Each structure stands twice: as C-alpha cells, then as structure tokens.
Amino acid sequence: MSVRTGSRIAVYVVMVASECAPAAKAGGLGDVVFGLSREVEVRGHAVEIVLPRYEHMRYQDIWGFQVSYEDLWVPWFGGAIRCTVWFGFVHGRRCFFIEPHSAENFFGRAEHYGYADDVNRFAFFSKAVLEFLLRTNKRPDVIHCHDWQTGLLPVLLYEQYQQHMPWQRVCYTIHNFGHQGVTGDWVLWASRLGRLEHFTHPDRLGNGYGAVNLMKGGIVYANFVTTVSPQHAHEVRYSDQAGGLGHTLYVHERKFGGVLNGVDYETWNPETDPLLPTRYTADDLTGKYHAKARLRHRFWLRERYGPIVAYVGRLDQQKGMHLVHHAIFHTLGHGGQFVLLSSTGHQQDVNDHFWWLKNHLNDNPDCHIEIGYHEELAHLVFAGADILVVPSMFEPCGLVPLIALRYGTVPVVRAIGGMIDTIFDRDHSLRPAHERNGYVFHHTDEHALESALHRAISLWFSSPEDFRELMVNGMRADHSWATPGQHYVDIYDFIRHPG
Ligand code: ADP
Ligand code: GLC
C-alpha cells in the first residue's frame, strides 16, 4: 500500500528487531532501530516497529501500553503457541510487542540474550511477526529486519506467506557477523518449513554438516542486505570478518552494501541533554567542565589536574578488552584518571577479569569501574570524560565513538570497521585539519594502543588549546541520521521498483 504524495511516494515500513532504545536496548542495535525509524518518519513515511515483549523492558519509556491483539495463535512444532500483542509509543515511535505464552517463557527472563534456547526464542518471534501482520491485515511495503534474530523472517515470507503477502519486500541489516544464529535442522520443523534437503543446501541456509544458519537465510532471501558502514561492507567481502559468510555475500553482492549508522541527536546532544548538570555547545564548553566535576563526584574520584579517560561498552572480546585493561594502567601511570562503564556479557572469563579489576582498584582515587548497564550514567560519562578509548578487534560501525564526538570527548580508536570511516588521526590523517577528530592506532598489541593514547594524553597536558580544537572538530561533524536515513529510503524505493 503506497500513497503518492506529490512526486514522492510514501513508504510503509515495518521494522522488526530484538531491540529498540531506550525501552529494550542491549547495545547499538537498539539505538539504530529507534533513530532510523524516527528519521524515516520525519521524511514522511510510516513506520511501525515490532519487538518481543520482554518482561524486563524499561516500561517507563513506553506510553499508552495496552493490549492490541488478544489471541494470536502461532504454529510452532506440532502445535501452536498463543501470543498477546501489545502496543505502545516508545518516545513517539509506534511499537508492537509480541508476548508468547510459551511453556518456556521465551521473553520473561532477566536478559535479552545469552540463553541456550535463544534460536528457538527468536526464530519463533520471526514467525509470530508474520502471523501478526497476516491476521491484522497489515501489508507494509517494506519489512526491515535486523541481525540474526530476524534472519528467518525473509525465508518464511517467501516460502510460506507469499500467497498472502506477494508484494512485501525485505531489507535486512546486519549489525554483527559475530552472532549468526547457527543451529540444528529442528528449526525447519519448528517453523514448518520442512524440506530439510532443500533448506540445508549451502546456497540457502546450510552451514555444513546439516547445520542451519539463520543469518545466511536472511542474506539469501532478503531483497537488499546492508551492514552498518562502508568499510565493514568491504571487510566482510574481502577479509575473514564475515564469520564464514564471505562467499554468500560474494554471491549476493549485487544486493549488498554498507550504510554508515547515524546518531539520534535528540537523544545524544549536549545542547539539550536533560541528564547533564548544565547543557553546552561547541562555542561554550563550560557545561562540559561541570559534567567532569559531576562525574568525579558521582564516581568518588579526587579533584586533580588531568584528563579523564573513559571506556563505555559491553564486556566482550569484540571490544578489545585486553587493551581496555592496558589503557587503565597506562592512563593511571601518566597523570590521568579512568572511568569504565560496562555491562557484563556472556564471556565469563572477561566478566570475571573486570570484577577482579574492580576489587583490585577499589580504593584508587583515580579510577572507577562501574559494571552494569546504566543508560543515564552513560550520558554523564560521555560528557564528563576528555578522552574515550575504543580498541575493538572488530567494529561494524561503533556508535560509542560517534556519541563521544558529539559530546566533545576525543576518541582514541583502533582503525577497524566503521571507525575507519569516521575517526581521523590528528597527526597522521591526510584529511583537512578541521576534519581530524581523534587518535587512531592499527595493531592489536599494547604498544599500538599506547602510541595513540599517549599522544592524546600528552596533548591534553601540553597544549590545551589544540586539544580543545580537536574536541570542537568532533562536535561540529554531522553524524545525524539525515544522510543515512535518506540512503535507507532510497533502498526501500529501489527494492520496491528495481531497475
Ligand atoms: P555495540 O552495539 O557493539 O555494543 P556500539 O558502540 O554501536 O556497540 O553501541 C553501544 C551502545 O550501547 C551505545 O549507545 C552505548 O552508549 C551503549 N552502552 C554500552 N554499554 C553500556 C552500559 N554499560 N551502560 C549504558 N549504555 C551502554
Ligand atoms: C553492533 C556493532 C556495532 C554497531 C552496532 C549498531 O552490535 O558491534 O559496531 O555500531 O551494532 O549498528
């Protein structure tokens, strides 16, 4: 259903994902689903978002939460699971939340992910979304799916629902090739796809030895596939970063591309951020120094002359945790203070190490380690820190450094993925001086990190004016959703009217 408005066509998009900030967010995926949806709407299109109904959502961020559809029976294995579908506005976005009344209590758990039956939970969700669209006569022009959790949806759409939804097109965005939803062929029975030999063929969902890969299914069956930066789109095609899906991307390269994520500047903006003690702009940074004082106070750091270096992110090997560890001690040894805000992940050794570090540094007046997920605290850390380290092993986009730029916090990053597209070294980049916005290193060893972090800390001490210029360069760069939002609208147009 499309409405022609003047020379432009309004598109009806249903976004399907496992996260939407701030109601249900574990990382950058949630930010993207919210920010992109807002931008597409601002451009005159209609967007609805479908999510699981997690028991642990931030219900204070959902307005008008109410039952929208009572008895949605979703076929699963030999029977069917009854679902209730809820509706509510998440800061203005129209969201539906699917609540399965399954014996396993799929979404009534403490975390979004990390359970042995994750594939079962989200494969079921994908099927439930299509059943919901079918029963409620919703016929979006485009279904925009995200990550492995919704990889099965385009497969089901074309193999099971085509008769009822012949015109629906799918855009599939991959945020992280590190998690692909690899499982056994039971999922083909569960979802009633059947035809094991057909679907486990390597040209479809087959992952070798009878295994099924949901992300592969998403790539093969979607009308267009994106990842979240041009550089990462290149890396997954030409290096080993696609986690085994490089060949599939090669086969489907004509419908694959990279679109750099934006940042939602209504959420992340020091000029309007209600979570800061004082707002500030690139022309008047006074409020940033208030935030620094508040951050020290909040984390029991002593007042002293020196930069605060921060890390914000999941505790996960992806993020280069051995280098984060090193950054802490390098900073403390060179006159700085360190703040870490991290939520625990599913790698127990990494969690244990940082819990140990927290105890070890507990009485240090120059370091604070905060383990947990705290949306409000994240704003204070981005504003109050001077420097932020992101030493990732791989990073499809990296929203954390982009948010840091907006808050005038200088990023020190590894040259990988989206950070190659966005962060330009003050001393070594070939870009014009006003575009240089941080420090970059290449290798994964401690010396490499030091080569960049040391330059950042030294500039802070030796040349405050130059450091300030770097901060302002970052604040003035535009990483809003305006341009990427238009790119996605162009993709929606393209898949609806190819050629
Ligand atoms: P990823 O999606 O791989 O986790 P990104 O850099 O793209 O990495 O996005 C991370 C998002 O999650 C950012 O919005 C960041 O502020 C947020 N975040 C990460 N860890 C925490 C935490 N412990 N508390 C609050 N927000 C966090
Ligand atoms: C992922 C990636 C991160 C990206 C985010 C949002 O989880 O790890 O680099 O910014 O998704 O697309």
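This one's a predicted model, so the numbers in the text were calculated from it and none came from an experiment.

## What to know about the nonpolar core
F354, F382 and Y492 are the most contacted members of the largest nonpolar core, which has 172 residues in total. Looking at this core element by element, the count peaks at eleven residues for helix α2 (residues 118-135). Each residue touching F382, except ones within four places of it in the same chain, is listed here: W268, K288, V312, L388, V400, I403, A404, Y407 and T409.

## Topic: the site of ligand 1
Taken together, the neighbourhood of ligand 1 is formed by 23 residues, with G28, D31, R314, K319 and G372 sitting nearest. Between ligand 1 and D31, the relevant distance is 2.6 Å, taken from an oxygen atom to a side-chain nitrogen or oxygen of the residue. S343 places a main-chain nitrogen or oxygen 3.2 Å from a nitrogen atom of ligand 1. Protein contact buries 94% of the 570 Å² of open area that ligand 1 shows by itself. Of all the secondary-structure elements, those providing two or more residues to the shell around ligand 1 are α1 (28-42), β14 (308-314), β15 (337-343), α12 (375-384) and α13 (399-406). Counted by class, the shell around ligand 1 contains eight nonpolar, nine polar and six charged residues. Here the shell around ligand 1 spans two domains, since at least three of its residues come from each of domain 1 (3-262 + 482-496) and domain 2 (286-476).

## Points about the site of ligand 2
The local shell around ligand 2 holds 13 residues, among which H175, N261, E395, C397 and G398 are the closest. The separation between an oxygen atom of ligand 2 and a polar side-chain atom of H175 is 2.7 Å. One of the side-chain N or O atoms of E395 is found 2.5 Å from an oxygen atom in ligand 2. When the free accessible area of ligand 2 is taken as 310 Å², the share hidden by the protein chains comes to 93%. Here the shell around ligand 2 gets three residues from one element, more than from any other, and that element is α1. Along the lines of polarity and charge, the residues of the shell around ligand 2 split into six nonpolar, six polar and one charged. When we break the shell around ligand 2 down by domain, the ones giving at least three residues each are domain 1 (3-262 + 482-496) and domain 2 (286-476).

## Comments concerning the sheet that holds strand β5 (residues 62-76)
Paired through their backbone hydrogen bonds, the strands of a sheet run either parallel or antiparallel. Strand order in the open sheet formed by nine strands is β5-β6-β7-β4-β3-β8-β9-β12-β13, and the pairing between neighbours is mixed. Of all strands in the sheet, those bounded by a partner on one side alone are β5 and β13 (256-258). Pairwise comparison of adjacent strand axes, ignoring direction, gives a mean angle of 25° for this sheet. Sheet analysis places strand β4 (residues 46-52) next to strand β7 (residues 93-100), joined by five bridges and oriented parallel.

## Re the environment of G408
One can find G408 in the loop between α13 and β18 (410-414). The class of G408 is buried, set by a relative accessible area of 1%. In the structure, G408 is positioned 355 residues away from R53 in sequence and 36 Å away in space, judged by C-alpha atoms. Ignoring sequence-local partners within four residues, the contact set of G408 consists of K288, D386, M471 and M475.

## Points about unusual backbone geometry
In this structure, the amide linkage connecting A21 to the following residue, P22, adopts the cis form with an omega of -10°. In this fold, P22 is placed in the loop between β3 (12-16) and α1. At F77, a position not held by glycine, the phi torsion is positive, near 50°. Counting through the fold element by element, F77 comes out in the loop between β5 and β6 (79-90). Judged by relative accessible area, which is 39%, F77 ranks as partly exposed. Positive phi, close to 55°, is recorded for N137, a residue that is not glycine. Position of N137 relative to the elements: it lies in the loop between α2 and β8 (142-146).

## Here's the deal with the state of the cysteines
The bond known as a disulfide is covalent and runs between the sulfur atoms of two cysteines. Inspection of every chain in the model, using the stated rule, returns zero disulfides. The cysteine C20 is free of any disulfide, with C95 supplying the nearest cysteine sulfur at 4.6 Å. You can call C20 buried: its relative accessible area is 0%. Here C171 is not cross-linked by a disulfide; its sulfur's nearest cysteine counterpart is in C145, at 8.5 Å.

## Side note on the sheet that holds β15
Judged by pairing direction, the sheet is parallel, and its six strands sit side by side in the order β16-β15-β14-β17-β18-β19 without closing on themselves. The open sheet is flanked by β16 (367-371) and β19 (439-441), the only strands paired with a single partner. Strand-to-strand twist in this sheet, taken as the mean axis angle between neighbours without regard to direction, amounts to 15°. Sheet analysis places strand β17 (residues 387-390) next to β18, joined by four bridges and oriented parallel. Of the residues in β18, the one forming a bridge with V389 is V412. Relative to the sheet, α13 contacts β14, β17 and β18, its axis offset from that of β17 by approximately 170°. Each of β14, β17, β18 and β19 touches helix α15 (residues 446-462); the most contacted strand, β19, lies at about 165° to it.

## Notes on the packing of helix α10 (residues 321-333) against helix α11 (residues 348-360)
Think of two packed helices as two axes; the pair is described by the angle between the axes and how far apart they sit. Here α10 crosses α11 at 10°, and the two axes come no closer than 11 Å. One element, α10, and the other, α11, form an angle in the roughly parallel class. Contacts from M321, V324, H325, I328 and F329 in α10 reach V350, H353, F354, L357 and H360 in α11. When the residues that make up the contact of α10 with α11 are grouped by side-chain class, the tally is seven nonpolar, three polar and no charged.

Cut-offs applied
Along every chain, residues carry numbers that run from 1 in the direction the sequence is written. Chains carry letters from A onward and ligands carry numbers from 1 onward, assigned in written order. It should be noted that, the model being predicted, local features are given only for residues of pLDDT at least 70 and side-chain atom pairs only at 80 or more, the latter also being counted only at that level, while totals for whole chains, interfaces and linings use all residues. By convention in this description, side-chain values take in all heavy atoms of the structure and omit both hydrogens and water. Nine residue types can take part in a nonpolar core, namely buried Ala, Val, Leu, Ile, Met, Phe, Trp, Tyr and Cys, and a core is a set of them joined through side-chain atoms within 4.5 Å. We call a residue buried when its accessible area falls under 20% of the maximum for its residue type, exposed when it is over 50%, and partly exposed in between, using a 1.4 Å probe and counting protein chains only. Comment: elements are numbered from the N terminus, with helices defined as DSSP H or I runs of at least four residues and strands as E runs of at least two. Any pair of residues with heavy atoms lying within 4.5 Å of one another is described as a contacting pair. Each residue is tested against the molecule or strand, and it is near if at least one of its non-hydrogen atoms lies within 4 Å. Pairing of N or O atoms within 3.5 Å defines a polar contact, subject to two protein rules: one partner must be a possible hydrogen donor and the other a possible acceptor, and residues neighboring in sequence count only if both atoms are side-chain atoms. Here the Shrake-Rupley method, with its probe set to 1.4 Å, supplies the accessible areas, and only the displayed protein chains count as covering residues. Three categories are distinguished: nonpolar for Ala, Val, Leu, Ile, Met, Phe, Trp, Tyr, Cys and Pro, charged for Asp, Glu, Lys and Arg, and polar for the others, with Gly belonging to the last. For the purposes of this description, domain bounds are those given by an automatic or database domain assignment. Here a strand pair is declared whenever DSSP counts at least two bridges between the two strands. Angular values range over 0 to 180 degrees, each being the angle between N-to-C directions of two axes fitted as lines to C-alpha atoms, with helices fitted over their stretch in contact. By convention in this document, the label disulfide applies to cysteine sulfur atom pairs within 2.5 Å. Note on angle classes: values under 35 degrees are labelled roughly parallel, values over 145 roughly antiparallel, values of 65 to 115 roughly perpendicular, and the remainder oblique.

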